[in-house]
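# Chains, contacts and geometry: an overview
Spelled out, the chains give:
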Amino acid sequence: MWECNPSLPRSGGALEAAALSGCWRVTGVYGEGSCAELGHYAHCRNCPVFAQAGLEAIDRPASASALEEATLRLGVSRPAAEPAQASAVLFRLGFEWFALPTGALHEIVEGRTIHSLPHRAGSVVLGLANVHGELVVCVSLQRLLGRSVPPERSIGWRHGRLILLNWERRRLAFPVEEVGGPWRYGVAEVAARPGLDADPGGGFTRGVLRVNDCPAVMLEPDLLLAALNRMLA
């Protein structure tokens with residue numbers, strides 16, 4: 001049995017003969033381990049004989065069965081994923097998630113103290129908040145959507161986040177517990193609007209968007225803002 005020797009040339013007939021014999025499986029680390037060159041190379045993978053055998057294995061022609069298997073695997077057509085066509089900002093009111101198209105939002109800021117207005121108790125209008133030195137009207141999206149508001153949401157309550165809308169030169173804000181997104185989605189991902197009796201958005205719903213298997217009610221900004229405008233008129 002020919003054994004690899006550092007004094008031998010790194011190519012030629014002797015090296016090729018050793019590679020064909022698979023000396024690493026006989027006298028090397030995968031065999032009895034008696035190869036004299038293990039003291040020099042420590043492992044067969046560091047030996048030029050093993051490297052030459054690897055190159056020959058890579059360069060060998062593919063078998064007919066391998067070609068057939070690859071053809072079958074690559075020839076299977078897969079439906080093309082629908083590209084994301086829009087984005088929405090997700091937010092939580094109470095225990096429910098809602099979404100609005102990103103273009104309808106102006107800014108999201110940290111919670112502000114909302115100061116109530118006279119004769120507005122229990123209405124959609126919560127009061128005024130100072131945002132960057134400007135007094136902005138704050139509304140309750142929960143009340144507009146027909147959701148109950150916890151009793152602690154009273155005068156001076158500081159909310160988690162304020163989402164600001166900018167519509168027809170009127171800046172409005174509404175408090176939310178949590179904000180997520182923006183979330184990119186395809187138009188076809190928004191499920192059809194439910195019937196009016198089961199509409200989770202109180203008549204302002206565009207559809208339902210599933211985000212990581214969690215439903216988020218997609219609100220229609222034009223309907224929502226028109227209703228708020230009527231209430232503030």
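Please read these numbers as outputs of a predicted model, since none were measured by experiment. Residue indices begin from 1 for each chain and proceed along its sequence in written order. With pLDDT at 70 or above as the cut-off, local features in this predicted model cover only qualifying residues; side-chain atom pairs require 80 or more to be listed or tallied, and sums for whole chains, interfaces and linings still use all residues. Side-chain metrics in this entry use all non-hydrogen atoms of the structure; hydrogen atoms and water are not considered.

This part covers the pattern of salt bridges. Side chains bearing opposite charge may pair, as long as their charged atoms lie close to each other. Here, a salt bridge means any side-chain nitrogen of Lys or Arg that lies within 4 Å of a carboxyl oxygen of Asp or Glu. Under the defined criterion, the tally for this structure stands at two salt bridges. One salt bridge connects E178 with R92, and the closest N-O pair in it is separated by 3.0 Å. Note that E178 is positioned in strand β8 (residues 178-185) and R92 in strand β1 (residues 86-93), a separation of 86 residues in sequence. What makes E178 partly exposed here is its relative accessible area of 34%. To qualify as a helix, a DSSP run of H or I must reach at least 4 residues; to qualify as a strand, a run of E must reach at least 2; elements of each kind are numbered from the N terminus. For each residue, the accessible area found with a 1.4 Å probe, counting protein chains only, is set against the maximum for its type, and the residue is called buried under 20%, exposed over 50%, and partly exposed in between.

Two strands in a sheet stick together by hydrogen bonds in their backbones, pointing the same way (parallel) or opposite ways (antiparallel). Read across the sheet, six strands follow the order β8-β1-β2-β11-β10-β9 without closing on themselves; strand pairing throughout is mixed. Edge positions in the sheet fall to β8 and β9 (190-191), since each of these pairs with one other strand and no more. By definition, two strands form a pair when at least two bridges between them are found by DSSP. Where β9 and strand β10 (residues 205-211) come together, two bridges link them in antiparallel fashion. Across the sheet, residue V190 finds its bridge partner in β10, namely L209. Any two residues whose heavy atoms approach within 4.5 Å at even a single point are treated as in contact. Helix axes are fitted to C-alpha atoms over the stretch in contact, other axes to C-alpha atoms as well, and angles between N-to-C directions run from 0 to 180 degrees. Sitting on the sheet, helix α7 (residues 221-232) touches β2 (96-101), β10 and β11 (214-219), and the angle it makes with β2 is about 100 degrees.

Moving on, we come to the pairing of strand β5 (residues 134-139). Look at any regular strand and the pattern is simple: side chains alternate between the two faces of the sheet. Summarising the sheet, strand β4 (residues 125-131) and β5 pair through six bridges and their orientation is antiparallel. Paired with G127 across the bridge in β5 is C138. Across two bridges, the pairing between β5 and strand β7 (residues 170-176) is parallel. The partner of V137 across the bridge, within β7, is L172.

Take the environment of C44 next. With respect to the helices and strands, C44 occurs in the loop between α3 (38-41) and α4 (48-59). C-alpha of C44 to C-alpha of C23: the two residues are 21 residues apart in sequence and 9.1 Å apart in space. If near-sequence neighbours (up to four positions away) are discounted, C44 is found in contact with W24, G28, V29, L38 and F50.

Each residue carries a pLDDT value, the predictor's own confidence for that position, ranging from 0 to 100. For the protein, the mean per-residue pLDDT works out to 75, and 74% of the residues sit at or above 70. The low-confidence segment residues 1-12, where pLDDT is below 50, has 25 contacts with residues more than four positions distant or belonging to other chains.

Glancing now at the environment of Q85. Structurally, Q85 is set in the loop between α5 (64-74) and β1. The spatial distance from the C-alpha of Q85 to the C-alpha of V187 is 6.4 Å, given a sequence separation of 102 residues. Those residues in contact with Q85 that sit more than four places away from it in its chain are R184, Y185, G186 and V187.

A general tendency of soluble globular proteins is for nonpolar side chains to be buried together. If you look at the biggest cluster of nonpolar residues, it comprises 26 residues, and the most contacted ones within it are F91, L141, F174 and L219. Those elements giving two or more residues to this core turn out to be β1, β2, α6 (141-144), β6 (161-167), β7, β11 and α7. For F174, the contacting residues outside a window of four places in its chain are F91, L100, V139, L141, R161, L162, I163 and L165. Only buried Ala, Val, Leu, Ile, Met, Phe, Trp, Tyr and Cys residues count toward a nonpolar core, and they belong to the same one when joined by side-chain atoms within 4.5 Å.

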